[in-house]
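Structure at a glance
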Amino acid sequence: MSAELLPPVAPDVLADAVEQLSARLRKKLDAAISGCAGQASATADGTVEVHFGEDATVTLRPGPSGTVTNAEQAVCTCLLAPRCLHRAGALGAAPIADGEVDVGGEDDSDTGEAAGPGTTSDTGTGPEEPAPNTPATDVAATVVKPAALTAAQVQAATALWDAAAEALSAGVTAGGAVVQAELLRAAHTARLAGLPRAEAAALRVVRSLRAARERSQGQSLADLTGAFRELLAGTALLASGSADTEAAGSARRVYEQGGSLRVYGLCREPVLSATGYGGVTTHLVGSDGAGYTVSDVRPGGLARVKGAGSASVALGGAALDHAGLARGGLRIVGATVSADGRLGAGRGVGATPMRGVDWSEEPAAALFTRPVREAMAAVLANGAPGAGGPGRTAPSLLGCDVEVIGAAGDSVVVRVAGEGPLLRLRPAHSHPELPHAANLRRIAEHPGLALRVLGRPDLDRAATLRPLAVGPVPGASATLRLPDAWKGRSDLGYDRLQGEHFPRGTAGPADCGPVTAGPDPLAEAPLWRVRRLLETGVAGGRRAVAEAGRGTDEASLSARLTRAELGVAAHLAHALTMEAGRRPRDTFGRLTDPSADAYARAWLASAVHLAAAERSLVVASWS
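Since the structure is predicted, the reported quantities are computational estimates derived from the model, not experimental observations.

1. Here we look at the overall build of the protein chain
- Within the protein chain one finds 20 helices and 15 strands.
- In the protein chain, which comprises 623 residues, the share counted as buried stands at 52%.
- When the accessible surface of the protein chain is summed, it comes to about 26900 Å², and 53% of that surface belongs to carbon and sulfur atoms.

Now the structure itself:
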């Protein structure tokens, strides 16, 4: 048995347990948490026991939802309980439970009516991080939004900013259970104050901190840096008191009346979350060209992802599965639609299957006729908030016709038809059990192949597209030859391309030379030095940034950025290193300003500018 058996724990329960420890016991907490590995065992009644030698046993009794939500569900047999190290260690080793956010496309199943304008909006977690323990028929409670943030919300945001600043100052090396508990306490207070988006951002930081300290596979320092940037940017905006209600977010997704709709399937996208959720999202286009989605994401791993691709669509009683919907269509009466285009499945929604459209027919054809530069600008305007904003949604889909040039590393280099730019096609999901990567490798073996590609732009890489589906180019001879049952498209996350699907004569020789992917303005710019400085601060904390600012490293950084006409980046990086090393002390050697506020603001300013500069270079690479 292992610590993986431990049930999720509510953030406030863990924070309370750590707060009750004495200063001496807090110093031993990280060692106690690491000692829990291999000590957990499950009993027949669903409880989990963690044994600490022969003297103490911690028993966790999760509620009906499977989560430990109150202190009484975690008890220890030692004499110091509940203020003991054993109990806090067991709770600290358990995964952190999510707040209540929407997971599917259901809305007001009991009433059949969509949520009205007064309902709070989505938190922005999206299908990749759904909330646990949410029933399959979610009821969106109607809550009247305040016109402005209340004093309690501003105070909670300020407390969360202070906790996040201290966690950033500590870094991964010193960001142990005590620092995480302070952040969880502030996150719970933010939730109680009605700031679920800030709470969700804080939970992402804590999970990433844990993964980084445990050196979990798949955890990257860049992800943790982005999580800190999002948390600090969001809480700074909320703490200023000038934010609107959209910045606060909500625990439920808004579904408004959409009337009658005709939607046509485009493709399916597998969803496999690192937090233990899996499923599928089917992308649709309306008769007016608007984008819609139908999602089925629930607790489960790879098996659920594969099964969900052919599972029934829970929308208005339509007798369709997701595979059929991706190549078919629906006539929906009484539709309910969220702000990001997700279709609801309340009782008042009725849906009737109808014939789908080929990618060469309207309204789907419009996705592939728009110039790539113009389409990319629309993607940024419609689907991706500015860097460092309070929330982040997945970018809209982009379609184009391309010609395959060949493989370059793990990417496929293609050129957009009509003397367009060079693009890199990278797998939309890197899991080896999903066919994304295998399909792209097979496509790379056929230089000269004409493809119609529908995917999601990678906003963190230059001229990179994450394809979700491909199809033949109308009128082209050297293009895909797909079965009639596939209706002219292949979902790269579910369908596997075979040799018979490719035209003869396009397979390139096995010993062909390397393919040049074209210029990469993001890699050529010296901004990577700023990124490394920011990631150094996340990994080693404030002290590591101060050390990096001493000697010739800081001068070299400023000089290279200035020569590249990145003077603002040089100024902000210099200000960050100076603030990191500013630790004024009195005559007795005590810190006169122990707050991490100024350091966090300097780090955030540099991080937001870096994200904006990199985004500009990414956009330019699509020209």
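2. Thoughts on the packing of aromatic side chains
- A full pass over the atoms with the stated rule returns 1 aromatic pair.
- A ring pair is formed by Trp359 and Phe368, whose centres lie 5.1 Å apart and whose planes are at 35°; its orientation type is tilted. Residues Trp359 and Phe368 agree in their burial class; the two are buried.
- Positioned above the aromatic ring of Trp161, the side-chain terminus of Arg601 is 4.7 Å from the ring centre.

3. Here's the deal with helix 6 (residues 177-192)
- With 16 residues, helix 6 ought to run about 22 Å at 1.5 Å a step, and its terminal C-alpha atoms sit 22 Å apart, in line with that.
- The inward-facing, buried residues of helix 6 abut helix 1 (11-19), helix 3 (29-34), helix 5 (151-174), helix 7 (196-214) and helix 8 (221-239).
- Note on helix 6: the residue one or two positions beyond its end, Gly194, has a positive phi of about 90°.

4. Focus on the state of the cysteines
- Following the criterion strictly, the structure yields 0 disulfides and no others.
- Between Cys76, a free cysteine, and Cys78, which holds the nearest cysteine sulfur, the sulfur-to-sulfur gap is 3.6 Å.
- The class for Cys76 is buried, based on a relative accessible area of 13%.

5. Side note on the pattern of salt bridges
- For the coordinates displayed, the defined rule picks out 21 salt bridges.
- Between Arg185 and Asp16 there is a salt bridge, and its shortest N-O distance comes to 1.9 Å. Here Asp16 lies in helix 1 and Arg185 lies in helix 6, a separation of 169 residues in the sequence.
- A salt bridge links Asp458 to Arg461; its shortest N-O distance comes to 3.6 Å.

6. Overview of the packing of helix 1 against helix 4 (residues 85-93)
- Where helix 1 meets helix 4, the closest approach of the two axes is 9 Å, and the angle between their N-to-C directions is 150°. Crossing of helix 1 against helix 4: the hand is left-handed. Note on element contacts: helix 4 touches helix 1 through Arg87, Ala88, Leu91 and Gly92, opposite Val13, Leu14 and Ala17.
- The class makeup of the residues in the contact of helix 1 with helix 4 is 5 nonpolar, 1 polar and 1 charged.

Calculation criteria
- Residues numbered from 1 in each chain as written.
- Predicted model: local features only at pLDDT ≥ 70, side-chain atom pairs only at ≥ 80, totals over all residues.
- Heavy atoms only, no water.
- Helix = DSSP H or I, 4+ residues; strand = E, 2+ residues; numbered from the N terminus.
- Buried < 20%, exposed > 50% of the residue type's maximum accessible area, 1.4 Å probe, protein only.
- Areas by Shrake-Rupley, 256 points an atom, 1.4 Å probe, with all protein chains shown as cover.
- Phe/Tyr/Trp six-rings, centres within 6.5 Å; stacked < 30°, edge-to-face > 60°.
- Lys NZ or Arg CZ within 6 Å of the ring centre and 35° of its normal.
- Expected span 1.5 Å × (residues − 1).
- Contact = heavy atoms within 4.5 Å.
- Disulfide = S-S within 2.5 Å.
- Salt bridge = Lys/Arg side-chain N within 4 Å of Asp/Glu carboxyl O.
- Axes fitted to C-alpha atoms, helices over the stretch in contact; angles between N-to-C directions.
- Left-handed = near helix turned anticlockwise from the far one by under 90°.
- Nonpolar A, V, L, I, M, F, W, Y, C, P; charged D, E, K, R; others polar.

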